[in-house]
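Report on the structure
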Amino acid sequence: MVYRELGKTGRQVSVIGLGCEHLDRKPYGQVRETIDAALEHGVNILDVFMPGGEIRENIAKALGARRGQVMIQGHIGSTDINQQYDISRDMPVVKRYFEELLRLFGYIDFGMMFFIDSEQDYKNVFETEFAGYAERLKKQGDIRHIGFSSHNPETAVKAINTGLPEMMMFSVNPAFDMLPAEEYVFDHFENGFGARLFKGIDPRRARLYKLCTQKEIGITVMKAFGGGKLLSPEHSPFAKPMTAAQCVHYALSRPAVASVLPGCQTPAEMLETLRYLSAGDAERDYSGIIGSTRNEFAGNCVYCGHCQPCPAGIDISAVNKYLDIARLDKANIPPSIRSHYRSLGGSECTECGGCESRCPFGVPVMANVREASGLLK
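These remarks concern the structure in this document. Predicted model, so just to flag it, every value in this text is computed and none were measured.

Looking at the pattern of salt bridges
Within this structure, the stated rule accounts for 15 salt bridges. One salt bridge in this structure joins Arg89 and Asp121, with 4.0 Å as the shortest N-O distance. Taken together, the residues span a long stretch of sequence, with Arg89 in the loop between strand E7 (84-87) and helix H3 (91-105) and Asp121 in helix H4 (residues 119-126) at a distance of 32 residues. Judged by its relative accessible area of 17%, Arg89 is buried. Residue Asp121 is classed as buried on the basis of its relative accessible area, which comes to 16%. With a shortest N-O distance of 3.6 Å, Lys330 and Glu371 are connected by a salt bridge. Of this pair, Lys330 sits in the loop between helix H14 (316-326) and helix H15 (335-342) while Glu371 sits in helix H17 (residues 365-376), placing them 41 residues apart in sequence. Sharing partners across several salt bridges, the network here consists of Arg11, Arg67 and Asp109.

Below you can see the structure in the form of structure tokens.
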């Protein structure tokens, strides 16, 4: 397993976690076997957004004495109405469901303010006692860190700029990244993806990822497979379906992303996802898939790694990531970005041009490396 630091929380999380949604209403034995498979291979972060009593009980029972081996994302505001999950901002209801989560797990590592997707969601969280409740939970030690979940880049930016969240769960995959921000991602779970929508990475999502790195907001990823549509020949918006390894690698290539939490419902699905860790570069490579919209990416680094290897040992993708973040506000580059850049190592660029000849998107790599050197050293 590989571990990454989750933003300013300082916690080291496995790059592949487990989203427990699809274990809901499954027999306890299946829940236990799936969690066993995850933990045996080093998974140390679980997402538990489901409000139903049975699934929460089953997960807690399956973990047993191993509770301390994992970090749990537990969601504040996820409630259960008529055996269907719902979103509530009614504080007595919110507290009842979250306190039940605390009873089962003792504490929650990442207390996630649930589903902040719209302007009204934002107001109902940050302009009411809801956000204050999350702060009290942290002060009391019931949650270790405050996070939130969202699918909307503009609302997510507003939430981050309050200064309250330390991390975020966000829907990340190439189809969503190329959807215009005004499109609502859930519409496309039912209706599919129309290729006409895809015009390169939406700048608002790109800005969100850069802002997260700038402010050290770690990202955990949901919807990495686009509800399974990216893996389907019938429903993929690209010329051919992606593989699970390509989807995982795409998400892990985004700035600030620490962990991808796929919704696995069997040990076999968990092990198939974990196969990413042993996959070679060719199996992980996603550039040929999104290359069907290549002209829309012209000149823009998508961090695919085709530029490597560099004879001078420069991590070109990382240089481009930190440069993109520095360009947001050249007069106020965060010290952390300079520090990360300086830690990359490698020698001075020899301008051999090999990187540019290999880049499928026509990125001016050598000019970017020179710019980064001037801005970030």
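A word on the side chain of Asp47
Along the chain, Asp47 falls in strand E4 (residues 45-48). There is no salt bridge for the buried Asp47, and the closest opposite charge comes from Lys223, which lies 8.1 Å off by N-O distance. Separated by 2.6 Å, the side chains of Asp47 and Gln73 make a polar contact. A polar side-chain atom of Asp47 sits 2.6 Å from a polar atom in the side chain of His75. Once residues within four sequence positions are removed from consideration, Asp47 is found in contact with Leu18, Gly19, Cys20, Gln73, His75, Met169 and Leu261.

Examining the nonpolar core
Of all hydrophobic cores here, the largest spans 83 residues; its most connected members are Leu18, Ile59, Met113 and Met168. When residues no more than four places from it in sequence are discounted, the contact partners of Met168 are Met112, Phe148, Ala156, Ile160, Leu208, Cys212, Ile217, Gly218, Ile219 and Thr220. Among the nonpolar cores identified, the runner-up in size contains 23 residues, and Tyr322, Leu323, Ile337 and Ala372 belong to it.

Some details on the packing of aromatic side chains
By the definition in use, this model includes five aromatic pairs. Between the aromatic rings of Phe114 and Phe115, the centroid separation amounts to 5.8 Å while the plane-to-plane angle is 65°, which identifies the pairing as edge-to-face. Neither Phe114 nor Phe115 differs from the other in exposure class; each is buried. An aromatic cluster of three or more residues is present, and its members are Phe49, Phe114 and Phe115. One Lys or Arg, Lys61, reaches over the ring of Tyr28 and ends 4.3 Å from the middle of that ring. Positioned above the aromatic ring of Phe130, the side-chain terminus of Arg89 is 5.3 Å from the ring centre.

Thoughts on helix H10 (residues 244-253)
Counting buried residues along H10, ten of its ten residues qualify, which places the element largely inside the surrounding structure. When we look at burial in H10, the residues that qualify are Ala244, Ala245, Gln246, Cys247, Val248, His249, Tyr250, Ala251, Leu252 and Ser253.

Parameters and conventions
Residues numbered from 1 in each chain as written. Predicted model: local features only at pLDDT ≥ 70, side-chain atom pairs only at ≥ 80, totals over all residues. Heavy atoms only, no water. Salt bridge = Lys/Arg side-chain N within 4 Å of Asp/Glu carboxyl O. Helix = DSSP H or I, 4+ residues; strand = E, 2+ residues; numbered from the N terminus. Buried < 20%, exposed > 50% of the residue type's maximum accessible area, 1.4 Å probe, protein only. Lys, Arg positive; Asp, Glu negative; His and termini not counted. Polar contact = N/O pair within 3.5 Å; in protein donor to acceptor, adjacent residues only side chain to side chain. Contact = heavy atoms within 4.5 Å. Core = buried A, V, L, I, M, F, W, Y, C linked by side-chain atoms within 4.5 Å. Phe/Tyr/Trp six-rings, centres within 6.5 Å; stacked < 30°, edge-to-face > 60°. Lys NZ or Arg CZ within 6 Å of the ring centre and 35° of its normal.

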